[in-house]
Amino acid sequence: MLYNEPSPLEVKVLSRRFGLPDSQSINTYLAHEGYQAFRKAAAMTPDDIINEVKISSLRGRGGAGFPTGMKWSFVPRNSPKPKYIVVNADESEPGTCKDRLLMEYDPHQLIEGMMIAGLAVDAHTGYIYIRGEYRYLINLMDRAIAEAYERGYLGKNIQGTGFDFDVYTHTGAGAYECGEESALLESLEGKRGIPRIRPPFPAVSGAFQCPTVLNNVETYCAVPAIIRDGGAAFAALGTPKNGGTRLFCLSGHVNRPGVYELPMGFNLLRMINEVGGGVRGGKKLKAVIPGGSSCPVLKAEECDLAMDFDTVAQAKSMLGSGGVVVMDEDTCMVKAALRIMKFYAHESCGWCIPCREGTIWLRKLLDRFHAGFGQQGDIPLIGEVAKNMLGRTFCPLGDAAAMPTISFVEKFYDEFEAHLDGKPCPYEEVNRFALA
Amino acid sequence: MADSVNLTIDGKAVQAAPGTLVIDAAKKVGIEIPAFCYWEGLTLQAACRMCLVEVERMPKLMTACTLTVAEGMVVRTETPLVAEARKSMLEFVLTNHPLDCPVCDKGGECELQDMTFRYGAGEGRFDEMKVHVDEKQWSPVVYFDAPRCILCYRCVRICDEGMGVDALGVIYRGVVSEIAPNKEDHLQCDECGMCIDICPVGALTSGMYRYRTRPWEMEHTGTICAHCSNGCKTTLGTRNGQIIRGNNRDKSGINGEFLCIKGRYAFDFNSHPERLQSPLMRIGGKLEPVSWSRAIGEVARRFTEIRERGGRFGVVGSNRTSNEENYYLQKFARQGLGTNNIDHRRTGDVPALIDALAGRTGVLATVKDVYTAKASLVIGSDLAQQHPLLAYQLRANWRHHQSHTYTVTRGPVREDKYSVHGVRVEPGAELGALESLRDQLKAEPELVILFGDAIKGEAVRRLVEFGDSLGIPVKYICLVDYSNSRGAVDMGLLPHLGPGYQGVENPGMSLPEMLAAEDLDAFWVVGANPLEHNKLAADRAFVVVHDLFLTETAERADVVFPAASAYEKNGTVTNVCGEVQHLRSAVQTMGVKTDLEILGLLSKEMRINLGMWTPESVLREIRQTVRGYNVALPVIAAGGAAQSLPLNGRVTLDSRPELIQSAGDTLFTSGTLGRYSKTLLSVLEYPGVLYGEAAEPEADRR
């Protein structure tokens, strides 16, 4: 059963097997072109595989949008060390819920993507780092992996191609920080989940100090389609330099929230109104967070834009992980900023000073502010504290906390002022906003 | 040029080796880039974000502690943007840092304070509640006040990387992240206090020092630790005539940043309530306090009388008294009393090594060599327990230079964790086991061999032969026990050797022989405790003891002189590597005299002219007459270490290696002296074990 009804506007590439009966099983997968891309890739040279991924202009789906083909090409293939394929399935960004569907409905697609990545960089071991909260997915992935071993799609000499590949799952322990690639690797190695100093980047020195390809679940899942149908076909689905489709996680005050696979560059307003069925209760749109909680918020009038990495960046926000959070006119933006900061203050790993101290400061400040104890100087202070964090933290978590805060203060200054001088939150009684 | 990179820092042209960090390159040209988490020699953290600098063509501020130099790089360390970033970092740190500087031990020498003065805002903008956690005591010497902690992780790293103890870690996350000890609520470790010393703020404080003074109220005296033979410099902070703190404030000694529990905390014997403060004389069978003149007069009278009737003297020197005192004592015995019956507790066979190395130069390793040598071989010593500085150097060598370490020991040692090869042998079989390492050692470019008392007598010669057969440059360290054990040998506290390993004509009695000699007339013990486990056979002997405490030996004495400790005298001591360093008097204890002064007063009373008895004049004589001790005075005077170069020739050997026996002190014991250190006795780990580490912790870990 699917979590949400598909939309007719969807372009189903990664989610094409969603909703098929018994879609997790290898039989279903094999019956629907499963593992064909692997066979094809096994006959290709590593350079050709990487090239095909480059042509597809697939960009990292975890949030940063780094070109995947280029990332793979950084791996020193002739290094004497073993190489690793690591899947970042630590999906924790508020507003994002796509990786769980990809693993729940089509786990073999992920395994096949990893195998192709393994072929491309001469890696024979893969790890799927799944966030601890996705307990049921760990069982599910383990079952899929066992099936693949049984049917000879994992292990030694896979399907007679001479390629060996092993896949293991690894459980996170509930830290958002471990979604950051180097912290994930630390955690994978059994250490405290804190980010590493980069360079060296994982491509050169990643898991166990060996060259490592580390991508998001969705990124790997796009790979079989790219190999099967060709990079150009995938690229053509999206906009220039933003190939393919994207699983957008539409949430918040829309009539039909859900995960929808739409081509890159799909218009945000159309997404809200046509795919999501418009703002709930016929209310007016106030703001949208376009790519998960770490992205600067967009005001309603800024929302008429194409959802690809470059266009959203031009609007001074980010496409991020594809978590589109819609907020209607009755949403208190101070409370929204507070809710986001609560998350980051809770999830800051504590490694570096600005993030550790800045997030908790902002949380306390916003908390007090929202409760009606704000003073005039607090509004610029919120922005300044956030700006002092921006670009100075060890890893992007500090930026992720600072950027939305800065945008909330800049774009909704009047709402902050409305909380001043002991005035109660004007939205509190009608506030139905719940983000997490 | 390939081996150097040109860059510009604040307009200054800088040349640095490739791979140099910008923070270090800046330091070279006198530009200080502030940092909390960066510590030279430890792994990089980039956690405090204080060292952010502007670099041309880089979009963001960069951390100077992780950025390596590059050709043509232009760095600016004091721009408005940088100053603003530092200011904001300090503001962040201070949000949850209690402003209890007026009662904080660190106040006055706190890095956070200094930086706040330099870069910080005048006023805080943080109006919220601070995070509070109660203070914890982790051990008798380590207290942790979490709110003060700025999480620079220096303590975690120095414990793990520097000491190899790994007793500290981090728990929780975000703003409640906390440094935590390895045993949940307490520490089980070396109790070295390195974590306290390295803490930039007052989060880690020492049980010995906390709340006793402000730093600026102390006098600071750099002297040499009175305990083991490694010769660490310890800076004693004194106030009102009491030692309050030991640390290595300026890191200028051979030990750099290192000190163990003994150097840092075990100065407390000095103000132990049982310190003797008056001469004691046996009157009516009981030791009674008497005046100095009466005690000196009595000893001079008895000694003169025994000497004149041709009686037998036995003189025992100390492993802890200064070179000047040792020299003067042996001169007193040989010239004044006319006896070669002089000895001390021998803890390593230095003479055999000197003899075996006759005719060579540059074959005695220094403490620094242990840090720089490409390979080291430890034979018969639990280095981390018995020679903590050498162990630290060895470990740092491995960390920084990937040097190779080999161990031949009778049980597990901490060096095993990183050694290339560790050989376990039955006690006594050490030498034979070397053969199994021959091929590996041969392949090394150079080697430092550190050997304990398992190798003595003829075995030393065979060890050197083995070293020669490797065909690589080999240097040696003969491990001895106490702060001036080496100096005692060098100064001739031996029945068969005078100062500078000169053989004497009529060798006297060794210590066991003195103890066993029933006809001994006088037994004179200067700073030793030979009767701790032995009995003096000569019931009627006149026994004179110099000591700090009423030890077992002093209890048997007829006259006891209260002696000044090593921290109360000037002079020189020689460490395990033969490096001569300066002792400086830090405090005075009422009623005591230095051994040198006691010797001088005695000689005067006995009308024996042995020369002036000031440390300076005796050192002058030593430099002139003792071979190898013509060390550079300015080096010593400036607090440096100058290696003595002992006799380069054959040494008359005593063919009784059984007289050589290390006391086997651990990190937490220090002979008789250690019994009077409350700190050593109070730590959980006391008395410690040798070769026992691996057996204990694993099962205990969670």
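The model shown is predicted, which means the values in this text are computed figures rather than measured ones.

## Some remarks on the overall build of chain A
Now for step 1: Broken down by element type, chain A carries 17 helices and 11 strands.
Now for step 2: Its C-alpha radius of gyration of 22 Å places chain A within 12% of the 22 Å reference for a compact globule of 436 residues.
Now for step 3: Seen along its three principal axes, the alpha-carbon backbone of chain A occupies a region of about 75 × 45 × 35 Å.
Now for step 4: Among the 436 residues that make up chain A, the fraction classed as buried is 62%.
Now for step 5: Counted over contacts in chain A with a minimum sequence separation of 6, partners at least 24 positions apart contribute 71%.
Now for step 6: In the structure as shown, chain A presents an accessible area of about 15,400 Å², 53% of it carried by carbon and sulfur atoms.
Now for step 7: One finds the centroid of the 46 positive side-chain charges in chain A at a distance of 2 Å from the centroid of its 51 negative side-chain charges.

## Points about the packing of aromatic side chains
All names here are of chain B.
Now for step 1: Applying the stated rule across the entire model yields 30 aromatic pairs over all chains.
Now for step 2: Ring centres of W398 and Y418 lie 4.8 Å apart, and the angle between their planes is 20°; this geometry places the pair in the stacked category. Linking W398 in helix α12 (residues 388–401) with Y418 in the loop between β19 (404–409) and β20 (421–424), this pair joins segments that are 20 residues apart in sequence.
Now for step 3: Residue class for W398 comes out partly exposed when judged on its relative accessible area of 31%.
Now for step 4: Above the face of the Y482 ring, R320 is positioned so that its terminal group lies 4.3 Å from the ring centre.
Now for step 5: For K593, the ring lying beneath its charged end belongs to W292, and the centroid distance is 5.0 Å.

## Quick word on the environment of L247 of chain A
All names here are of chain A.
Now for step 1: Its location among the elements puts L247 in strand β5 (residues 245–252).
Now for step 2: For the pair formed by L247 and E10, sequence separation is 237 residues and the distance between their alpha carbons is 9.5 Å.
Now for step 3: With residues up to four places along the chain from it excluded, the contact list for L247 reads L14, F18, K98, L102, E218, V259, Y260, E261 and G322.

## As for the interface of chain A and chain B
Now for step 1: With 32 residues of chain A in contact, the opposing surface of chain B contributes 37 residues.
Now for step 2: Between chain A and chain B, a total of about 2,900 Å² is buried, with carbon and sulfur atoms accounting for 54% of that surface.
Now for step 3: Among the residues of chain A in contact with chain B, I353, W361 and R392 of chain A are the three that bury the most area, contributing 25% of the side total.
Now for step 4: At the junction of chain A and chain B, the tally comes to four salt bridges.
Now for step 5: With its nearest N and O atoms 2.8 Å apart, the salt bridge here joins E84 of chain B to R392 of chain A.
Now for step 6: The interface formed by chain A and chain B includes 21 residue pairs in polar contact (both at pLDDT 80 or more).
Now for step 7: With 10 residues, helix α14 (residues 353–373) of chain A is the single largest residue contributor to the side of chain A that touches chain B.
Now for step 8: Class assignment of the residues belonging to the side of chain A that touches chain B gives a composition of 14 nonpolar, nine polar and nine charged.

## Some remarks on a nonpolar patch on the surface
Now for step 1: Residues F66, M70 and F74 of chain A make up a contiguous nonpolar surface patch of roughly 280 Å² in combined accessible area.
Now for step 2: Along the chain, F66 of chain A falls in the loop between α3 (46–55) and α4 (68–73).

## Some remarks on the pattern of salt bridges
Now for step 1: Within the structure shown, the criterion is met by 69 salt bridges over all chains.
Now for step 2: Here E357 of chain A ties to R356 of chain A by a salt bridge, and the two come within 3.2 Å at their closest N and O atoms. Side by side, E357 of chain A and R356 of chain A carry an identical accessibility label, which is buried.
Now for step 3: Note that K136 of chain B and E178 of chain B form a salt bridge whose closest N and O atoms lie 2.6 Å from each other. With a gap of 42 residues between them, K136 of chain B in strand β6 (residues 136–137) and E178 of chain B in strand β9 (residues 178–181) connect regions that are remote in the sequence.
Now for step 4: Residue class for K136 of chain B comes out partly exposed when judged on its relative accessible area of 29%.
Now for step 5: Judged by its relative accessible area of 10%, E178 of chain B is buried.

## Overview of the packing of α14 of chain A against helix α15 (residues 378–389) of chain A
All names here are of chain A.
Now for step 1: At a minimum axis separation of 10 Å, α14 and α15 run at an interaxial angle of 160°. In terms of orientation, α14 and α15 fall into the roughly antiparallel class. Between α14 and α15 lies a crossing whose hand is left-handed. The segment α14 lies against α15, with P354, C355, G358, T359, W361, L362, L365, L366, R368, F369 and F373 engaging D378, I379, L381, I382, V385, A386 and M389.

## Section: the sheet that holds strand β27 (residues 579–583) of chain B
Backbone hydrogen bonds hold the strands of a sheet together, and the pairing may be parallel or antiparallel.
Residue and element names in this part refer to chain B.
Now for step 1: Spatial ordering of the open sheet is given by β26-β27-β28, a layout of three strands whose pairing is antiparallel. On the outer flanks of this sheet lie β26 (571–574) and β28 (642–643), each paired with one strand and no other.
Now for step 2: Taken together, the four bridges between β26 and β27 define a ladder with antiparallel strand orientation. Bridge pairing links T574 to V580 in β27.
Now for step 3: Where helix α8 (residues 323–336) meets the sheet, it contacts β26 and β27, and its direction lies at approximately 90° from that of β26.

## A short note on the domain arrangement of chain A
All names here are of chain A.
Now for step 1: Taken domain by domain, chain A comprises domain 1 (26–235), domain 2 (245–328) and domain 3 (333–435).
Now for step 2: Once you take the C-alpha centre of each, domain 1 and domain 2 turn out to be 27 Å apart.
Now for step 3: Between domain 1 and domain 2, the residue contacts involve 17 residues of the former and 18 residues of the latter.
Now for step 4: For domain 1, the biggest contributors to the area lost against domain 2 are R59, R61 and E93; these three give 32% of the whole.
Now for step 5: Taken together, the connections running from domain 1 to domain 2 amount to two salt bridges.
Now for step 6: Where domain 1 packs against domain 2, one counts eight residue pairs in polar contact (both at pLDDT 80 or more).
Now for step 7: By residue class, the composition of the side of domain 1 that touches domain 2 is six nonpolar, six polar and five charged.

Here is what the cut-offs are and how they apply
- All residue numbers refer to positions counted from 1 along the written sequence of the respective chain.
- Chains carry letters and ligands carry numbers; both start at the beginning, A for chains and 1 for ligands, and go up in the order they are written.
- Two thresholds apply to this predicted model, a pLDDT of at least 70 for residue-level local features and 80 or more for giving and counting side-chain atom pairs, whereas whole-chain, interface and lining totals are computed over all residues.
- To get the side-chain values, all heavy atoms of the structure are used, and hydrogens and water are removed first.
- Helix numbering and strand numbering both begin at the N terminus, where a helix is a DSSP run of H or I of at least 4 residues and a strand a DSSP run of E of at least 2.
- Our radius of gyration is a C-alpha quantity, and the globule rule it is checked against amounts to 2.2 Å times the number of residues to the power 0.38.
- Note on exposure labels: buried denotes an accessible area under 20% of the residue type's maximum, exposed denotes more than 50%, and partly exposed covers the range between, all computed with a 1.4 Å probe on protein chains only.
- Contact criterion: two residues are considered in contact whenever any of their non-hydrogen atoms come within 4.5 Å of each other.
- Residue burial considers only the protein chains on display, and all accessible areas are found by Shrake-Rupley using a 1.4 Å probe.
- Positive: Lys, Arg. Negative: Asp, Glu. His and the chain ends are not part of the count.
- Every charge is mapped onto a representative atom, which is NZ of Lys, CZ of Arg, CG of Asp or CD of Glu.
- The pairing test for Phe, Tyr and Trp rings, Trp by its six-membered ring, is centres within 6.5 Å, and the orientation test on the planes gives stacked under 30 degrees, edge-to-face over 60, and tilted for anything in between.
- Ring-over charges, as used throughout, are those where CZ of Arg or NZ of Lys falls within 6 Å of the ring centre and within 35 degrees of the ring normal.
- In this description, buried area is defined as the sum, over both parts, of the accessible area (probe of 1.4 Å) that is lost when the two are combined.
- Whenever Lys or Arg places a side-chain nitrogen within 4 Å of a carboxyl oxygen from Asp or Glu, that contact is recorded as a salt bridge.
- Polar contact criterion, stated in full: a pair of N or O atoms within 3.5 Å, where within protein one must be able to donate a hydrogen and the other to accept it, and residues adjacent in sequence count only if both atoms are side-chain atoms.
- Classes in brief: Ala, Val, Leu, Ile, Met, Phe, Trp, Tyr, Cys and Pro nonpolar; Asp, Glu, Lys and Arg charged; the others, Gly included, polar.
- The patches reported here contain residues having more than 30% relative accessible area and no salt bridge. Joining distances are 9 Å for like charges and 5 Å for nonpolar side chains (Val, Leu, Ile, Met, Phe, Trp, Tyr).
- Convention adopted: a line fitted to C-alpha atoms gives each axis, helices being fitted over their contacting stretch, and angles between N-to-C directions are expressed from 0 to 180 degrees.
- The cut-offs work like this: below 35 degrees is roughly parallel, past 145 is roughly antiparallel, 65 to 115 is roughly perpendicular, and the gaps in between are oblique.
- Left-handed describes a crossing whose near helix is turned anticlockwise from the far helix through less than a right angle; right-handed describes the clockwise counterpart.
- Two strands qualify as a pair provided DSSP detects at least 2 bridges between them.
- Reported domain spans reflect what an automatic or database domain assignment gives.

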